[in-house]
Amino acid sequence: MSDFNALVVEKDEETGKTSAMVKQLSDADLPDGEVTVAVEYSTVNYKDGLCIGPGGGLVRKYPHVPGIDFAGKVESSSDPRYKAGDKVVLTGWRVGEAHWGGYSQKASVKADWLVPLPEGLDTRQAMAVGTAGFTAMLAVMALEDHGIKSGPVLVTGAAGGVGSVATAILANLGHEVAAVTGRPETEDYLKSLGATQIVAREEINETVKRPLEGETWGGCVDAVGGEMLARLLGQMQYGASVAAVGLAGGAGLPATVIPFLLRGVNLLGIDSVMQPYDNRLRAWERIARDLPMTKLEAMVQPASLSDLPELGRDILKGQVKGRVVVDVNA
Ligand code: NDP
């Protein structure tokens, strides 16, 4: 039995208010699981922002340890697929929401939720990618499956986590990338990731008014949803696809069916949470192959467990640039 640190979110049942602080826990506090992992790194995703705060309907039970992804070394395992010392990575499966997550020096999870760390990535790099980057890769793979058309590929919410990784992967695969951002000050950053065109958020939201505009984009990874997604559908090339990943700009979709009927546009929903093992492995192998590690480094902002309450608030306000990597042992 050994003590370890974790970010614990507690709820005051009387006021309904939640508070998050770093606490010392022991092995007996861990939830049931087949594999105990000595966590090395986790990250900050949009859902983590929700779970560090009042939960947004995601947290099943308090006290709670958020962190929807982590990478580390197996400490012990009752499942024959893993042995002590194996390096593993976890995304999805409602870990960090319904089950205690990666904002902890130790995690206890089902073996099915893990994948072995792919060759070519260390645990820190894997978390620089994290759920956001993993989802970006799933989105790129979905676009490839449906065929990327001529013309630049649009990436929305480009300076955020999903958008940054999607931009770097698409550029590395040789596509021209148009990065949509509401933060003009990120232009140099986005160009360093390989974007060839920077599109101001308003250019999509405010200038596209008709259900169909000129056929401009050969594909799109959309992390924003809402008005932005509705507008950009009418700018897609004939038969092009939009991989819809997120709703940072809203959950509503004030669109018409016209782009689907008259341009054969495909709207592909991307879910990283319930991906079967083989898909997860394939996506991680593609990440190790197709995402330049120098570009990944440019996206990284380091953090420790005690930085998380503030970072959780920042990501919900759309103020985090690139990827936050949490060293849980710092
Ligand atoms: P980030 O906060 O890092 O990035 C989101 C970006 O969206 C911001 O950086 C900003 O980019 C843009 N944005 C924020 N608010 C608005 C707004 N009101 N209108 C237009 N653009 C806005 O989050 P992530 O990249 O980690 O996640 C993006 C979305 O994807 C979230 O909704 C998240 O929940 C979802 N997601 C879904 C997954 C899945 O499995 N489907 C997995 C992971 C994430 P900029 O400043 O460049 O404009």
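Residues numbered from 1 in each chain as written. Predicted model: local features only at pLDDT ≥ 70, side-chain atom pairs only at ≥ 80, totals over all residues. Heavy atoms only, no water.

### Some points on the packing of aromatic side chains
Piece 1. All told, the structure shown has one aromatic pair when counted by the stated rule.
Piece 2. Sitting above the plane of the Tyr189 ring, Lys321 keeps its charged end 4.6 Å from the centroid. (Phe/Tyr/Trp six-rings, centres within 6.5 Å; stacked < 30°, edge-to-face > 60°. Lys NZ or Arg CZ within 6 Å of the ring centre and 35° of its normal.)

### Some remarks on helix 10 (residues 308–316)
Think of an α-helix as 3.6 residues a turn; residues three or four steps apart then line up on the same face.
Piece 1. By the burial criterion, the buried members of helix 10 are Leu308, Leu311, Gly312 and Ile315. Looking straight down helix 10, one finds its buried side chains confined to an arc of 105°; they lie on one side. Of the residues in helix 10, the exposed ones pointing more than 90 degrees away from the buried face are Glu310 and Arg313.
Piece 2. Close packing links the buried residues of helix 10 with strand 1 (3–11), helix 1 (46–52), strand 14 (300–303) and strand 15 (323–327).
Piece 3. Positive phi shows up at Gly318, right after helix 10, with a value of about 70°. (Buried < 20%, exposed > 50% of the residue type's maximum accessible area, 1.4 Å probe, protein only. Helix = DSSP H or I, 4+ residues; strand = E, 2+ residues; numbered from the N terminus. Arc of directions from axis to C-beta. Contact = heavy atoms within 4.5 Å.)

### Some details on the site of the ligand
Piece 1. Taken together, 26 residues form the shell around the ligand, and within it Thr181, Gly182, Arg183, Ile270 and Ser272 come nearest.
Piece 2. Measuring from an oxygen atom of the ligand, one finds a side-chain N or O atom of Thr181 at 2.7 Å.
Piece 3. Here Ala248 contributes a backbone N or O atom positioned 3.4 Å from an oxygen atom of the ligand.
Piece 4. Starting from 920 Å² of accessible surface for the ligand in isolation, the protein chains cover 87%.
Piece 5. Sorting the residues of the shell around the ligand by element identifies helix 2 (123–146), helix 3 (161–172) and strand 9 (177–181) as the ones contributing at least two each.
Piece 6. Examining the composition of the shell around the ligand, we find that three residues originate from one element, helix 2, more than from any other.
Piece 7. For the shell around the ligand, a count of residues per class yields 13 nonpolar, 10 polar and three charged. (Near = heavy atom within 4 Å. Polar contact = N/O pair within 3.5 Å; in protein donor to acceptor, adjacent residues only side chain to side chain. Areas by Shrake-Rupley, 256 points an atom, 1.4 Å probe, with all protein chains shown as cover. Nonpolar A, V, L, I, M, F, W, Y, C, P; charged D, E, K, R; others polar.)

### Observations concerning the pattern of salt bridges
Piece 1. Per the stated rule, a full pass over the model turns up 16 salt bridges.
Piece 2. A salt bridge links Lys83 to Asp86, with the shortest nitrogen-to-oxygen separation between them at 3.0 Å.
Piece 3. Residue classification places Lys83 among the exposed residues on the basis of a relative accessible area of 55%.
Piece 4. One network of salt bridges, in which partners are shared, links Glu144, Arg286, Arg289 and Asp290. (Salt bridge = Lys/Arg side-chain N within 4 Å of Asp/Glu carboxyl O.)

### Focus: the side chain of Glu40
Piece 1. The topology assignment puts Glu40 in strand 3 (residues 35–43).
Piece 2. Within polar-contact distance, the side chain of Glu40 engages the side chain of Thr123 at 2.6 Å.
Piece 3. Residues contacting Glu40, with those up to four places away along its chain left out, are Ala71, Gly72, Lys73, Thr123, Val326, Asp327, Val328 and Asn329.

### Observations regarding the packing of helix 2 against helix 8 (residues 277–290)
Piece 1. At a closest axis distance of 9 Å, the pairing of helix 2 and helix 8 adopts a crossing angle of 100°. In terms of their interaxial angle, helix 2 and helix 8 are classed as roughly perpendicular. Across from Ala126, Val129, Gly130, Gly133, Phe134, Met137, Leu138, Met141 and Glu144 in helix 2, the residues of helix 8 making contact are Arg280, Arg282, Ala283, Trp284, Arg286, Ile287 and Asp290. (Axes fitted to C-alpha atoms, helices over the stretch in contact; angles between N-to-C directions. Parallel < 35°, antiparallel > 145°, perpendicular 65-115°, else oblique.)

### Quick look at unusual backbone geometry
Piece 1. A cis amide bond, omega -5°, links Tyr62 with the succeeding residue Pro63.
Piece 2. In this structure, Pro63 sits in the loop between helix 1 and strand 4 (69–77).
Piece 3. Phi at Trp93 is positive, roughly 60°, even though this residue is not glycine.
Piece 4. Positionally, Trp93 belongs in the loop between strand 5 (87–91) and strand 6 (106–109).
Piece 5. The phi torsion at Arg94 lies on the positive side, around 65°, for a residue other than glycine.
Piece 6. Position of Arg94 among the secondary structure elements: in the loop between strand 5 and strand 6.
Piece 7. According to the relative accessible area criterion, Arg94 is partly exposed, its value standing at 26%.

### A look at the nonpolar core
Piece 1. In this structure, Val89, Val221, Trp284, Ile287, Leu291 and Met299 are the most contacted members of the largest nonpolar core, which totals 49 residues.
Piece 2. Within the residue set of this core, elements represented by two or more residues are helix 2, strand 8 (153–155), helix 3, strand 9, helix 4 (187–192), helix 8 and helix 9 (293–299).
Piece 3. With 14 residues, the top contributor of residues to this core is helix 2.
Piece 4. Counting contributing residues per domain, this core is built from domain 1 (3–117 + 297–327) and domain 2 (131–269), each supplying no fewer than three.
Piece 5. Counting 34 residues, the second largest nonpolar core, distinct from the first, contains Ala6, Tyr82, Ala303 and Ile315. (Core = buried A, V, L, I, M, F, W, Y, C linked by side-chain atoms within 4.5 Å. Domains from an automatic or database assignment.)

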